[in-house]
Number of protein chains: 2
Amino acid sequence: MPGHFTFYSDKIENNFAYFSEQETKHAILVLRFQLGDSIEFTTGNGIYYTGKIVEIQKKSFIAEVDSFKEIPQKNFVLAVGILKSSDRMEWLVEKCGELGVKQLIFLKSQNGERSKINLEKLKKTAVAAMKQSHSAWLMDIQEMNFENAIKTNLENKYIAYCNSDIIQILPLKFGVNSIVFIGPEGDFTLGEIDFAKSQGFQVIGLGSQILRTETAAIVCASWSLS
Amino acid sequence: MPGHFTFYSDKIENNFAYFSEQETKHAILVLRFQLGDSIEFTTGNGIYYTGKIVEIQKKSFIAEVDSFKEIPQKNFVLAVGILKSSDRMEWLVEKCGELGVKQLIFLKSQNGERSKINLEKLKKTAVAAMKQSHSAWLMDIQEMNFENAIKTNLENKYIAYCNSDIIQILPLKFGVNSIVFIGPEGDFTLGEIDFAKSQGFQVIGLGSQILRTETAAIVCASWSLS
């Protein structure tokens, strides 16, 4: 029987988990799992299952749930300016997924890129990151206007800003129920910063280095670990 | 005159800075800098210069130094297991360069990949990261055996380990003169961990998530910011 893997199920119903064509390819064709083998899986909603494979078809398979456990998740949200490079966005999704970010919002902001975001492809990357890190939480990915994203219900609200006229603090650690905004390549406008402040956001800096958008985002995700 | 850029000079002598064919292409052909224009540059040894372009040839150009300042650097070293994917190694070099890591060592360890490392190509990536982040320090990149790397003179020595039998601490912040070892995909062996402990290393964990080698490395680089 192959090693330690986590599979992604589309649907778990009446104690049976159903797997897509892609997962079937990975589990049965590539990894050679067989009828009766024990596997671990999740739908990405915070429950981690173990079960046994009870049916294998050409493009799907079914496992019966043996046991499950609920996995807690920290409520940490990142809102990041849209990037020019889709590769860098993919990479950011992978890393945030591994680091247990709950939700990643791609922001449409004033100085930001207008690139089209392939949410379907990014979701696949998030599924792969979840499987890779044996997590039970699938990171949620959204595209949102700055003005809508800023109206968050989260308790601890931060917005990173490079302008050195504003006092920079280095949080290094984000508590639960936090959201952090990271600007696009051209950074946020002063108007956006003022609007964020009026909504209870704290302006922060990320140190003396000048960081790319996706690097700043991953730094904040690293500071959310616990 | 174009915007804010940092160029990499091979040699600064008698107040004149000399630039390679690649930098000439970037500065003169792409960005259209001209004779008499002010530019910023560094050799990556901790000094940040401003000067004026005084000579332009087809494959080189020369600037005269107007002023310079010394930039302090935190002594933070990462020693990371060799990765299977050269793309992921490139990416790691870029991110560590941006985050101001002083030296990045690729470790030959017992469970590690035996991939050949293209140090020349990685150094070019480090130069690009230095230019991108307007830094005056070029990250040093080395390839080293575990046993040699472990004999470091740095004061604060940490080795990350996934084995849950060992108590895991989360530093979240690394002080000056620190070195952190991150294992390869198969992690360090118990023998390697014991050897590191005998050399004064402290075993640490990086949280409850299971991280790829390069993700763990970037987390530690993020925890070195100040």
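All of these numbers come straight from a predicted model, not from anything done at the bench.

Participant: Could you give an account of the sheet that holds strand E5 (residues 47-56) of chain A, with specific residues and numbers?
Facilitator: Residue and element names in this part refer to chain A. Strand order in the open sheet formed by six strands is E1-E4-E5-E6-E3-E2, and the pairing between neighbours is mixed. The open sheet has two edge strands with one neighbour each: strand E1 (6-8) and strand E2 (11-13). Along the sheet, successive strands turn relative to each other by an average axial angle of 40 degrees, direction set aside. Pairing of E2 with strand E3 (residues 16-19) involves three bridges; the strand directions are antiparallel. The residue of E3 that forms the bridge with isoleucine 12 is alanine 17. Across the sheet, helix H3 (residues 119-132) touches E1 and strand E4 (38-42), and the angle it forms with E1 is around 150 degrees.

Participant: Break down the layout of surface pockets for me, with residues and values.
Facilitator: The calculated volume of the largest pocket comes to roughly 1,400 Å³. Taken together, 46 residues make up the lining of the largest pocket; nearest its centre are A:Ile210, A:Arg212, B:Lys131, B:Gln132 and B:His134. Listed by contribution, the elements that provide at least two residues to the lining of the largest pocket are helix H6 (213-222) of chain A together with strand E1 (6-8), helix H1 (21-30) and helix H3 (119-132) of chain B. A per-element tally of the lining of the largest pocket places H3(B) first, with seven residues.

Participant: Could you give an account of the relation of the copies chain B and chain A, with specific residues and numbers?
Facilitator: It takes a turn of 180 degrees to lay chain B on chain A, together with a shift of 0.0 Å along the axis; the resulting RMSD is 0.0 Å. Such values leave the two copies arranged in the relation of a two-fold axis. In this assembly, 100% of the residues forming the interface of chain B have copies in chain A that are likewise at the interface, indicating an isologous arrangement.

What counts and how
Residues numbered from 1 in each chain as written. Chains lettered and ligands numbered in written order. Predicted model: local features only at pLDDT ≥ 70, side-chain atom pairs only at ≥ 80, totals over all residues. Heavy atoms only, no water. Pairing = 2+ DSSP bridges. Helix = DSSP H or I, 4+ residues; strand = E, 2+ residues; numbered from the N terminus. Axes fitted to C-alpha atoms, helices over the stretch in contact; angles between N-to-C directions. Contact = heavy atoms within 4.5 Å. 1 Å grid on protein atoms, 1.4 Å probe; cavity = no way out; pocket = protein on both sides within 12 Å on 5 of 7 lines; lining within 4 Å. Points joined across faces, edges and corners; volume = space filled by probe spheres on them. Least-squares fit on C-alpha atoms with pLDDT ≥ 70 in both.

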